[in-house]
Structure formats: structure tokens, C-alpha cells
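Chain by chain, the residues run as shown.
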Amino acid sequence: MSGGKPVLTHIDASGEAHMVDVSDKAETVRIATAEGYVKMALETLALIRQGNAKKGDVIGTARLAGIMAAKRTADLIPLCHPLMLTKVAVEIEEDAALPGLRVMATAKLTGRTGVEMEALTAVSVACLTIYDMAKAADKAMEIGGIRLLEKSGGKSGDFRHPEAK
């Protein structure tokens, strides 16, 4: 925010998109956590839980895909800086209330720019991988709720989503 007004940092004075220069920013520890979910039929969830999906280990493959995606965020999102991540963790848990799987990803580094996009990318790709691996059983699965839960470090300070548990 600048003078109380929101500022889009990737838009210059003439309205053109550009990559932000972070060379003058201080290196700090930066951590971000994001979440999302894949809602599915109870039968599909049981299939995944029992390890009987045709393509194999859905949860393990989705976890690995999320980690790999976080490391490739700059290749996917045009104005993201390539980052040397020091940690990416992806957790996938059953949620009977959906029913389905909840995905949470945390990205961390010591650097000059945040890791929110890496955490969000990890969640997004993990959810897409779950869909891909289970679509033979359930094409009606729904991916949703992808959001930043919290972030720390950097000039803008800490953030916690108001609805985060």
C-alpha cells in the first residue's frame, strides 16, 4: 500500500508489466503456507486411501509434483524471480467433511523476495495431480479453496488469512 491505496508492484508508471527489482531489499527468512482441496466422491476417496487407483500412489505422486512445481514457479509465472528454495513441504490429508483431500504446502528461503507464489504453485499442481491420477474413477472432482494461509518475512511483514484455522 502507498498512502493507504493498494499498489500493484508489477505494473510500472506507464501501466506496463515488469519484473520488480529486488536488489535493494534486505535478505530475510521468508516462509509462506498455502492450501487447497480436491473434493470427490466417497468411493474415489476410498480408492485412493486403499492404494487402488489405476495410476498408482495418488498422494505420494501429488506430493512430489507439488514440490517439483514450487521449484519451477519462475518457469510458469512470467514475472516471478527464480528462487533458491531451502524447503518445500507438501502435506495431503483426508477430509471426510468434503469429502476429499486437503493439500497444504510450505515454502521457505532466505532471500530478497517472498515465496507465496511457490507455495500456491505447489498446492495448485498437487491438486491437479490428484485430479489427473483419479479422473478415471471420478471426472466430477472439484478443485478449490486455493489460497495463501500465511507468510512471514520481508518488508511487508507478516500475513495470516483471516479465515485460517
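Residues numbered from 1 in each chain as written. Predicted model: local features only at pLDDT ≥ 70, side-chain atom pairs only at ≥ 80, totals over all residues. Heavy atoms only, no water.

**Some points on the overall build of the protein**
Heads up, the rule is: To qualify as a helix, a DSSP run of H or I must reach at least 4 residues; to qualify as a strand, a run of E must reach at least 2; elements of each kind are numbered from the N terminus. Exposure classes here rest on a 1.4 Å probe applied to the protein chains alone. A residue is buried below 20% of its type maximum, exposed above 50%, and partly exposed in between. Every residue pair with non-hydrogen atoms within 4.5 Å of one another is taken to be in contact. Computed by Shrake-Rupley with a 1.4 Å probe, the accessible areas treat only the displayed protein chains as cover when residues are assessed. His residues and chain termini do not enter the charge count, which takes Lys and Arg as positive and Asp and Glu as negative. The atoms used to mark charge sites are NZ of Lys, CZ of Arg, CG of Asp and CD of Glu.
When you go through the protein residue by residue, the secondary structure sums to 4 helices and 5 strands. Listed by position from the N terminus, the elements making up the protein come as β-α-α-α-β-β-α-β-β. The C-alpha extent of the protein, read off along each of the three principal axes, is 50 × 30 × 30 Å. The 165 residues of the protein split such that 38% are buried. Put simply, 69% of the contacts in the protein that link residues at least 6 apart link residues at least 24 apart. Accessible surface, the protein as shown: approximately 9,800 Å² in total, 55% of it carbon and sulfur. Where the 21 positive side-chain charges of the protein centre and where its 21 negative ones centre are 2 Å apart.

**Examining helix H1 (residues 42–49)**
Where H1 is concerned, the buried positions are Thr 44, Leu 45, Ala 46 and Ile 48. In this fold, the buried residues of H1 make contact with helix H2 (58–71), strand E2 (87–95), strand E3 (100–111) and helix H4 (116–134). Of the residues one or two after H1, Gly 51 is the one with positive phi, at around 75 degrees.

**Points about the UniProt feature "domain: Molybdopterin cofactor biosynthesis C (MoaC)" (unreviewed entry) in the protein**
Basically, it comes down to this: UniProt positions are given in the numbering used here, feature names are shortened, and annotations may be inferred rather than shown by experiment.
Under the present numbering, the feature "domain: Molybdopterin cofactor biosynthesis C (MoaC)" (unreviewed entry) in UniProt falls on residues 19–154. The span residues 19–154 carries 33% helix and 32% strand; its end-to-end C-alpha distance comes to 17 Å.

**Considering the nonpolar core**
As a reminder, the rule being used: Put simply, buried Ala, Val, Leu, Ile, Met, Phe, Trp, Tyr and Cys residues joined by side-chain atoms within 4.5 Å make one nonpolar core.
In terms of nonpolar packing, the biggest core is built from 30 residues, with Met 40, Val 90, Ile 92, Leu 101, Val 103 and Ile 130 touching the most fellow members. When residues of this core are traced back to their parent elements, those giving at least two are strand E1 (28–39), H1, H2, E2, E3 and H4. Sort the elements by how many residues they give to this core and H4 lands first, with 9 residues.

**A word on the packing of H2 against H4**
Axes are the key here: two packed helices are described by the angle between their axes and the distance separating the axes. Defined as follows: Only the stretch in contact is used when a helix axis is fitted, and all axes are lines through C-alpha atoms; the angle between N-to-C directions ranges over 0 to 180 degrees. Handedness of a crossing follows from how the near helix is turned relative to the far one, being left-handed for an anticlockwise turn of less than a right angle and right-handed for a clockwise one.
The N-to-C vectors of H2 and H4 enclose an angle of 145 degrees; their axes lie 7 Å apart at closest approach. Like other packed secondary-structure pairs, H2 and H4 cross with a definite hand, here right-handed. In this structure, H2 contributes Val 58, Thr 61, Ala 62, Ala 65, Gly 66, Ala 69 and Ala 70 to the contact, and H4 contributes Glu 118, Thr 121, Ala 122, Val 125, Ala 126, Thr 129, Ile 130 and Met 133.

**Overview of a nonpolar patch on the surface**
Quick reminder of the rule: Nonpolar side chains (Val, Leu, Ile, Met, Phe, Trp, Tyr) within 5 Å and like charges within 9 Å form the patches, drawn only from residues with over 30% relative accessible area and no salt bridge. A side-chain nitrogen of Lys or Arg and a carboxyl oxygen of Asp or Glu constitute a salt bridge if their distance falls within 4 Å.
On the surface, Leu 128, Ile 143 and Ile 146 cluster together to form a nonpolar patch covering roughly 240 Å² of accessible area. Relative to the helices and strands, Ile 143 is located in strand E4 (residues 142–152). Assessed through its relative accessible area of 32%, Ile 143 is described here as partly exposed.

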